[in-house]
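# Descriptive structure summary
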Amino acid sequence: MKVAIVTEGTRGDVYPMLALGTSLVSAGHRVRLYAPPDFESAARSSEVEFQALGMNIRAFLTETADVLHTGGLRLVTEMKR
């Protein structure tokens, strides 16, 4: 069976889906993980196919750290960008 797993977020969001994908590959399924580009090497090392989705999460969090800590309207505006 072909399986697509789509996730967005940080390690806490992606790694559980990667574990699921790895289990499915072990069971003989073909799995492709769609996730932020940060996780490509982790997916490739687990034999799960990978397709980058969205932006680099680590870079985004670094660039917007001050906004994330202040919250409010400024945070909403940055998230929309």
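Our subject is the structure listed above.
Our subject in this report is the structure included herewith. (Residues numbered from 1 in each chain as written. Predicted model: local features only at pLDDT ≥ 70, side-chain atom pairs only at ≥ 80, totals over all residues. Heavy atoms only, no water.)

### A short note on the overall build of the protein chain
In terms of helices and strands, the protein chain carries five helices and three strands. For the protein chain, the C-alpha radius of gyration of 15 Å lies well beyond 12 Å, the compact-globule estimate for 81 residues. Overall, the protein chain is about 45 × 20 × 15 Å in size when its C-alpha atoms are taken along their principal axes. Here the protein chain holds 81 residues, and 30% of them are scored as buried. Pairs at least 24 apart in sequence give 38% of the contacts found in the protein chain among residues at least 6 apart. As displayed, the protein chain has an accessible area near 5,400 Å², and 57% of this comes from carbon and sulfur atoms. A gap of 4 Å separates the mean positions of the 9 positive and 9 negative side-chain charges of the protein chain. (Helix = DSSP H or I, 4+ residues; strand = E, 2+ residues; numbered from the N terminus. Rg over C-alpha atoms; globule rule 2.2 N^0.38 Å. Buried < 20%, exposed > 50% of the residue type's maximum accessible area, 1.4 Å probe, protein only. Contact = heavy atoms within 4.5 Å. Areas by Shrake-Rupley, 256 points an atom, 1.4 Å probe, with all protein chains shown as cover. Lys, Arg positive; Asp, Glu negative; His and termini not counted. Charge placed at Lys NZ, Arg CZ, Asp CG, Glu CD.)

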